[in-house]
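What follows is each chain in one-letter form.
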Amino acid sequence: MADRPFGIYEKALAPGPWLGMLEQARDAGFQFVEMSLDESADRLARLAWSAETRRRLVADIQETGIPIYSICLSAHRRFGLGSADPQVRTEAARILHDAVDLAADLGVRVIQIAGYFAYYEPESPDARSRYVDGLRVGLAHAAERGVMLAVENIDTVDMASVSDCLTLRDELDNPWFQIYPDIGNLAVHSLGVAAQTALVKGAAVGLHLKDARAGEPRRVPFGEGTVPFPAVFQTLNQIRYDGPLTLEMWNDDPTTATQIATDALRWIRQTISDALASAS
């Protein structure tokens, strides 16, 4: 497991032209990148990229040998599929539709769907059903384009656990909808991380690796949070998980981004080796 390909989240890299970010990932020892489509205007503008811009990024991927395996679609935190506002739901549906088309054009395999129903709105008993309805529409388009959608457990109670994600997967009952768990978010909710990790067997098309603490989902350096990584890696080995592993990180200083990402990958690989050696 320690010598498998690893990916890096875009926000761990110094921002700039895609060619440079792909080169950064390669130089830090990663084999693929995960693109972010978050709620910011700059990243949402990617949905309107011209055909030429898309072809240029494909050329950059071919030049560097570093593909974009997945897209982290967190824009639905702002534009909730489960919103009570029909206009917001319409925009959320458009974002999902256009993200599928972007993924298909770039050769991206998986779009990670955040499990937020309507993040910025008061709780509503109908939010989940609206969310599911919106996913069904987007999923039909994704299946037509051959793009996998996969839900992520998040840092709120909407979709807090792997169990929640599996319930949704079973409800949608479509081979083009699976799960893409975030191991760190299990620790955010103080759940049994290793036990929840065991549930990903046969359903996870990717995993986010990050450290975290209860109530603290971001910017916790690896080894300083409460995620029991040795137990996680032993569990993944036992269930024979062979899918992608992506380090989810946020680096705010472009001058140190590559080194921090390099050190994080080295830490992960060593932790895997130590965990599997101690279990043998």
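Structure: above.
Notes on the structure in this doc start here. (Residues numbered from 1 in each chain as written. Predicted model: local features only at pLDDT ≥ 70, side-chain atom pairs only at ≥ 80, totals over all residues. Heavy atoms only, no water.)

1. Remarks on the overall build of the protein chain
Part 1: Counting its secondary structure elements, the protein chain contains 10 helices and 10 strands.
Part 2: In summary, the protein chain has a C-alpha radius of gyration of 18 Å against a globular reference of 19 Å for 280 residues, a match within 12%.
Part 3: If you line up the protein chain on its principal axes, its C-alpha atoms span 50 × 45 × 30 Å.
Part 4: Within the protein chain, contacts between residues at least 6 apart in sequence are counted, and of these 76% link residues at least 24 apart.
Part 5: Surface summary for the protein chain: the accessible area is close to 11,700 Å², and the carbon and sulfur share equals 50%. (Helix = DSSP H or I, 4+ residues; strand = E, 2+ residues; numbered from the N terminus. Rg over C-alpha atoms; globule rule 2.2 N^0.38 Å. Contact = heavy atoms within 4.5 Å. Areas by Shrake-Rupley, 256 points an atom, 1.4 Å probe, with all protein chains shown as cover.)

2. Comments concerning the state of the cysteines
Part 1: This structure, assessed with the given rule, holds 0 disulfides.
Part 2: Of all cysteine sulfurs in the structure, the one in Cys-165 sits closest to Cys-72, which takes part in no disulfide; the separation is 13 Å. (Disulfide = S-S within 2.5 Å.)

3. Overview of the pattern of salt bridges
Part 1: Evaluated as defined, the whole model comprises 21 salt bridges.
Part 2: With a shortest N-O distance of 3.2 Å, Arg-55 and Glu-52 are connected by a salt bridge. Of this pair, Arg-55 and Glu-52 are both found in helix α3 (residues 51–64), 3 residues apart, which corresponds to roughly one turn of the helix.
Part 3: For the salt bridge of Arg-219 with Asp-252, the shortest nitrogen-to-oxygen distance reads 2.9 Å. With a gap of 33 residues between them, Arg-219 in strand β9 (residues 216–220) and Asp-252 in the loop between β10 (245–247) and α10 (257–279) connect regions that are remote in the sequence.
Part 4: One salt-bridge network, in which partners are shared between bridges, spans Glu-10, Lys-11, Asp-38, Arg-43 and Arg-46. (Salt bridge = Lys/Arg side-chain N within 4 Å of Asp/Glu carboxyl O.)

4. Notes on the environment of Leu-209
Part 1: Tracing the backbone through its elements, the reader meets Leu-209 in strand β7 (residues 207–209).
Part 2: Its relative accessible area of 0% is what places Leu-209 among the buried residues.
Part 3: As a C-alpha pair, Leu-209 and Gly-115 span 94 residues in sequence and 17 Å in three-dimensional space.
Part 4: The residues contacting Leu-209, other than those within four sequence positions of it, are Phe-6, Ile-183, Phe-222, Phe-233, Leu-245, Thr-246, Leu-247, Glu-248 and Ile-268. (Buried < 20%, exposed > 50% of the residue type's maximum accessible area, 1.4 Å probe, protein only.)

5. Comments concerning the sheet that holds strand β2 (residues 32–37)
Part 1: Ordered by their spatial adjacency, 8 strands build an open sheet running β6-β5-β4-β3-β2-β1-β10-β7, and the pairing between neighbours is parallel. Looking along the sheet, the strands with just one partner apiece sit at the ends: β6 (177–179) and β7. Within the sheet, the average angular offset between the axes of one strand and its neighbour, ignoring direction, is 30°.
Part 2: Where β2 lies against strand β3 (residues 68–73), 5 bridges are found, and the strand directions are parallel. Across the sheet, residue Val-33 finds its bridge partner in β3, namely Ile-68.
Part 3: Contacting β1 (6–9), β2 and β3, helix α1 (residues 18–27) runs over the sheet at an angle of about 135° to β2.
Part 4: Here α10 sits on the sheet in contact with β1, β7 and β10, set at roughly 140° to β1. (Pairing = 2+ DSSP bridges. Axes fitted to C-alpha atoms, helices over the stretch in contact; angles between N-to-C directions.)

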